[in-house]
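Analysis of the macromolecular model
The chain contents come next:
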Amino acid sequence: MNNAVYILLIAPFIGAALAYILGKFKQPLAFWTAEITGAVLFLASVVIFMKYSNVPINFDLNWIHYGNFTIPFGIYIDHLSIVMLLIATGLGFLDIHFAHDYMGEDPDQPRYYSKVLFFIGGMILLVITKDLIGAFVGWEFMGLASYALISFWYYKKSAADAGMQAFLYTRFGDIFILAAIALLMIFVGTTNLVQLNHLADAGQINKTLALVTALFVFMGAIGKSGQFPLYPWLMNAMEGPTTVSALIHGATMVNSGIYIVARMFDFFAYTEALFIVANVAALSAFIGSTSALVQKEIKKILAYSTMSHLSIAFVGLGVGSLAAGMLHLVNHAIFKALLFLAAGAVIYIAHHTKDAWKLGGLIKTAPFLALFFAMGSLSLAGVPPFSGFFSKEMVVSAAWEWGNGFTATLVTIAALLSIAYITRLWILIFLGEPRNEDVAGSVHKPSNIWMRLPLGILAFTTLFISIWQSDIVHYIVGKEVVEPEVEGLTAFMLTSMLIIFLIVVGLYVKGLNLLYKIASHHFVQTIHQVLFNGYYVEAMITWISKNIFVNAIAKAARWFDTYVIDYMVNSTVAMSLYTFKFFKMGHSGRIGTYMGQMVIGVAIIVIAILIIVKGL
Amino acid sequence: MVAVDIIFAPIFLSALVYFLTRGAQHITKYVALAWFVVLFIISLNWLNQIMHPESYAFAPEVLQYIKATGFLPLGEFLSVPAFGFSLTLQIDALSVAMLLLTAGLLILVVFTSWEEKNQAAYFSLLILFSGPIFGVFMTTNVLWFFMFWELTLVPMLFLVGFWGAEGVEIKKVFNVEIKLPSKVYAAIKFFLYTHVFAMFMFVGFFLLFKQTGYWDITLIKEATLATPALIWWLMFLGFAAKLPTFPFHTWLPDAHVQAPSSISVLLAGVLLKMGAYGLIRFTVELLPATTAKFAMWMVVLGLATTFFAGLLAVYERHIKKMVAYSSISHMGLVVVAVATMSYDGLSAALYEMIGHALVISPLFLIAGWLHHKTHTWYMDEMGGIMKYAPYASTTFILAGMAALGLPGTMGFVGELTIIISSVKAFGWWIAVIALAGFISAGYIIWAVRRAIHGEPSEIVKKANFHMSFPEKFALAVFSFLIVYFGVNPQPIFDIANKAFSFFGGM
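All of the points below concern the structure found in this document. Bear in mind that the values here come from a model prediction, so they are computed numbers and not experimental data.

Scanning chain A from terminus to terminus reveals 27 helices and 4 strands. The principal-axis extent of the C-alpha atoms belonging to chain A is close to 115 × 60 × 60 Å. Burial status across chain A gives 58% buried among its 616 residues. Within chain A, the 31 negative side-chain charges are centred at a point lying 13 Å from the centre of the 34 positive side-chain charges.

The relative placement of two packed helices comes down to the angle between their axes together with the axis-to-axis distance. All names here are of chain A. As a packed pair, helix 14 (residues 298-318) and helix 15 (residues 322-349) sit with axes 8 Å apart at the nearest point and diverge in direction by 175°. Taken together, the axis directions place helix 14 and helix 15 in an arrangement best described as roughly antiparallel. Per-class residue counts for the contact of helix 14 with helix 15 are 16 nonpolar, 7 polar and 2 charged.

This part covers the pattern of salt bridges. The tally for this structure, following the rule as stated, stands at 17 salt bridges over all chains. Measuring nitrogen to oxygen at the nearest pair gives 2.4 Å for the salt bridge that ties A:Arg171 to A:Glu140. With a gap of 31 residues between them, A:Arg171 in helix 6 (residues 157-187) and A:Glu140 in helix 5 (residues 132-150) connect regions that are remote in the sequence. Owing to a relative accessible area of 2%, A:Arg171 belongs among the buried residues under this scheme. Salt-bridge contacts for B:Lys189 lead to B:Asp254; the nearest nitrogen and oxygen are separated by 2.8 Å. With B:Lys189 in helix 8 (residues 182-212) and B:Asp254 in helix 10 (residues 251-258), the pair connects residues that are 65 residues apart, well separated along the chain.

Pairing between strand 3 (residues 168-173) of chain B and strand 4 (residues 176-181) of chain B: 6 bridges, direction antiparallel. Bridge pairing in strand 4 of chain B places B:Lys171 opposite B:Ile178.

Glancing now at the environment of A:Glu297. Residue and element names in this part refer to chain A. Among the secondary structure elements, Glu-297 is positioned in the loop between helix 13 (273-292) and helix 14. Here Glu-297 falls in the partly exposed class, since its relative accessible area comes to 30%. Residue contacts for Glu-297: discarding those within four places in its chain leaves Lys-354, Asp-355 and Ala-356.

All right, on to the interface of chain B and chain A then. Much of the literature gives interface size as the accessible area that the parts lose upon coming together. Contacts between the two partners involve 68 residues from chain B and, on the opposite side, 55 residues from chain A. Interface of chain B and chain A: buried area, both sides summed, is about 5500 Å²; carbon and sulfur atoms make up 75% of it. Its salt-bridge partner being A:Asp161, residue B:Arg449 comes within 2.5 Å of it at the nearest N-O pair. The interface formed by chain B and chain A holds 16 residue pairs in polar contact (both at pLDDT 80 or more) in total. Per element, the largest residue contribution to the side of chain B that touches chain A is 11 residues, and it comes from helix 18 (residues 434-452) of chain B.

Before going further, it helps to examine the environment of A:Val188. All names here are of chain A. By the element assignment, Val-188 lies in the loop between helix 6 and helix 7 (193-201). Taking the C-alpha atoms as reference points, Val-188 and Ile-205, 17 residues apart in sequence, are found 7.0 Å from one another. In this view, Val-188 contacts Leu-183, Leu-196, Leu-199, Ile-205 and Leu-209; residues no more than four positions away in its chain are not counted.

Further remarks concern the packing of aromatic side chains. Scanning all chains against the criterion turns up 77 aromatic pairs over all chains. Ring plane angle 25° and centroid distance 5.7 Å describe the contact between A:Phe136 and B:Phe412, whose orientation is recorded as stacked. Pair noted here: A:Phe136 is in helix 5 and B:Phe412 is in helix 17 (residues 410-426), and the two residues belong to different chains. Take B:Phe412: its relative accessible area is 1%, and that puts it in the buried class. Between B:Tyr484 and B:Phe485, the ring centres sit 5.2 Å apart and the planes meet at 75°, which makes this aromatic pair edge-to-face. Overall, B:Phe485 belongs to the buried group, its relative accessible area being 17%.

The linkage connecting A:Phe228 with the following residue, A:Pro229, adopts the cis geometry, with an omega of 0°. In this fold, A:Pro229 is placed in the loop between helix 8 (207-224) and helix 9 (232-236). With an omega dihedral of -5°, the bond running from B:Leu243 to B:Pro244 counts as a cis peptide bond. If you trace the backbone, B:Pro244 turns up in the loop between helix 9 (228-242) and helix 10. Its identity as a non-glycine residue notwithstanding, B:Met341 has a phi of 50°, on the positive side. Relative to the elements of secondary structure, B:Met341 occurs in the loop between helix 13 (319-339) and helix 14 (343-374). B:Met341 gets classed as buried once you look at its relative accessible area, which sits at 15%.

B:Trp46 and B:Met138 are the most contacted members of the largest nonpolar core, which totals 432 residues. Broken down by element, the residue count for this core peaks at 22 residues, all from helix 15 of chain A. Discounting chain neighbours no more than four positions away, the residues touching B:Trp46 are B:Ala3, B:Ile6, B:Leu72, B:Leu74, B:Ile91, B:Val96, B:Leu99 and B:Met138.

It is worth spelling out the side chain of A:Lys115 at this point. All names here are of chain A. For Lys-115, the position within the fold is in helix 4 (residues 109-128). No salt bridge is formed by the buried Lys-115; the nearest opposite charge belongs to Asp-108, separated by 7.9 Å. Once residues within four sequence positions are removed from consideration, Lys-115 is found in contact with Ala-145, Ala-148, Leu-149 and Phe-152.

Here is what the cut-offs are and how they apply
- Residues numbered from 1 in each chain as written.
- Chains lettered and ligands numbered in written order.
- Predicted model: local features only at pLDDT ≥ 70, side-chain atom pairs only at ≥ 80, totals over all residues.
- Heavy atoms only, no water.
- Helix = DSSP H or I, 4+ residues; strand = E, 2+ residues; numbered from the N terminus.
- Buried < 20%, exposed > 50% of the residue type's maximum accessible area, 1.4 Å probe, protein only.
- Lys, Arg positive; Asp, Glu negative; His and termini not counted.
- Charge placed at Lys NZ, Arg CZ, Asp CG, Glu CD.
- Axes fitted to C-alpha atoms, helices over the stretch in contact; angles between N-to-C directions.
- Parallel < 35°, antiparallel > 145°, perpendicular 65-115°, else oblique.
- Nonpolar A, V, L, I, M, F, W, Y, C, P; charged D, E, K, R; others polar.
- Salt bridge = Lys/Arg side-chain N within 4 Å of Asp/Glu carboxyl O.
- Pairing = 2+ DSSP bridges.
- Contact = heavy atoms within 4.5 Å.
- Buried area = accessible area lost by both parts, 1.4 Å probe.
- Polar contact = N/O pair within 3.5 Å; in protein donor to acceptor, adjacent residues only side chain to side chain.
- Phe/Tyr/Trp six-rings, centres within 6.5 Å; stacked < 30°, edge-to-face > 60°.
- Core = buried A, V, L, I, M, F, W, Y, C linked by side-chain atoms within 4.5 Å.

Structure (structure tokens):
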């Protein structure tokens, strides 16, 4: 089993290097290296899963000894890590497999596969390390990989901008984790995540310190998992290849914020931080689900839905139910990967058309794709018996039971709205008549083994994983969980969903004219604009960073540097020149001046002698 | 005798080499390379002797001395008994780390300036530079330290002033117009600035002698000083200008930008380190009690340097100036780490000094190389370079990631250890230096966005991005070291721990 751990740690990076080098040698080798590495990683995870015997795998290694400090680099694998490992490597493998066709025509495949493997390595590192420092290393590796993959087509302005934005937004959250590491290291004496939980359980940490560090870590999670207010990067990240969006910005990396909160759950629960987590997340869930209603691009709809569903998982954690949050994370990862890959297939067969309004009627060309997409959608919408139903239900009930009406209302709205936007998306893509002649003419069928197979596997999983929902909860939490029961909630949710579903179907299938009429109303248009632009949070952050940070503070620093500090330095030239000129006045060449100077000089000497001799 | 030879031999060697190879200029660089490799090997040998003195056949009293003080005695030369004055050469782990860094950078600099103009003179000056810079790190006599300190300026003055970039500098102050070729302006400013501030240091050194009667820092006791505060400030000014700290930093962007890239590497990698070395050696180690009194000043100056230079880098369009400000910003972190005056803080400072040298060098090299190829300094006029020069672009991104402190590189280890040590020394509020990691991300990522990513501009499309093999090799070495010591930093920390073990611990 230890060998499997070493493989998980090292293989992705070796694979990344090999994929690049071999790929430069012969293009298809890059794919095959990645495919094999992905399979090996998944197998290693499965081996750990099978052989795991209720005792966490625990390595204590030391990384740096400096001064009197030791910076540890331990490995700790328990049930939570194994679940995350299976998600990361399993979805990673399927994603690489899917990319065979999707990225098949790209000339830069070695670079692509190398970055993807590097990303998987970062994710594995995050979920198997024992210390916050190790987790931070994996966390930043993923950030780098995400940046590099969003900007994969770096010669496109939009992709380059999106990459920069993603890096800076997430980095802003990350520096808080760095600060938290330093604070924990000094004031608690450890960054060991397991030990922090134990100390919190025993009540041995200063409450204020715990609250501050928990919020700092949550700040990092906000950046990484696209919560309010650092979410706009997630929408622009859709500039990257769709396979990247599926893996990184749908299924795995964005979960890392939830993972880190779940990993430090007792530590968070010890402070008041969970209250803030729940409320920030509820707000984000609401923002995400409402904005998803009006987007045009397929991937943006999915991105907002990702944000909203991550928030639902966060709410689960925030209201104190580790089980609900983690269960939703697992289910969401699977159906969101399915939806993104299906969307990738749609985009691929429609020749990189991303605008849902330009598609339509694809059910005739790709019926299986429509079916798989529908299965993902049903799971996302929370329709029984798909897995999404169970976890969403659990989070919403837990939220109502928690007793904060604001949080519970927002998360319920978000949960209900998911059926609206996903139905709308499915209808726009698959039903009706093709809306754009050029796109419709060139649509072709997806291939079986490279595209339909991974989609089929994921669709199958999202349906049948429902059977084991309580087992998963039990596996992660380690004890029997009393499922929260709120009377009549299920009935209410299902009825509301049916009504919303019927309204959306009615509007988009039969009543497009009515829809246009409503949309042309001035008030509706204003709301539409606000939602479409994600509540203008991006515009606000851009304004602040551009006009306050760069063009005011940095510019002032520049002005001060040039016109005060450096001016003083250069003025020494002028000063020495003027001093020189002052003394030069004596060299006038006129006898009278020299005589005068001599008299003054003699006078000074005489006075000096007198003073000295007279004795002071 | 080896010790004194390698300090003074370059003076004769450089003159000799210049006259012998003037007719066959392509040979000079091989002589220089050979000489620097010799220096590197000698330094390595010294490192071994200091780290494991037991395994060498030292006389018992020498061994005793090494164990007690940490210094490896290399002899006393040119004694003037009347003043108790002599060139005392002794090195400890800190000096030997600096020697290795210097020799290593000099070797790499030969590769990066493989195609430099007027090679006989250029490489002779480099050889000449190697003498006094070794002297600075090897002597414990304050007056000789000062002499070597000043001597390093001379070859640098000519290297910047003659081989620098083209351009005219016009400055107007109090109705006086300064109009000079940029490189001359930069060289003179660099020389005068550091020279003037060295004068404060010089006065401080004489006061040291006057009040204690010793020239050698290993013999001077802080308690015997009459005016330790005055001496401390005089010496601190000299080092602060060299480092540089805010507000004594304005010479650096000019000098680094106008110097040829390889010389920028030496300026940033070695000359700035003289300031940090002096700070550790002459303030923290020599006058610990006084330093403790003024430590808060150092912290404030260090933080001001870090953030002020970081902001300047954010606003900068000029690619090499951006790198120069980034360099200043990182030296600010070193000052904060030194100010902790603790075993761990100083170790972190030494690590960051080496990390800074290795990280900032490829950035300078590529910035200069891009200017050389595109004939523009401005990042917004470049764009899409990744497509035409993937090798240089990738190295730039890697080094940039190290500069912003990404794990897996030297930058992260330096930042992490410094933030931990300073939180320990100064309390929770100093965690604000984590923000430096965001500001550096700002300017690095924005620079990458403007110069490397994006649509190729007309200037870039027309340029010919050929890179010679030695340059590629040097960049590869830098990249390798950044990642290697970033993943496995312990070798450097072993030296650092050895150097500062007297500060408690062990």
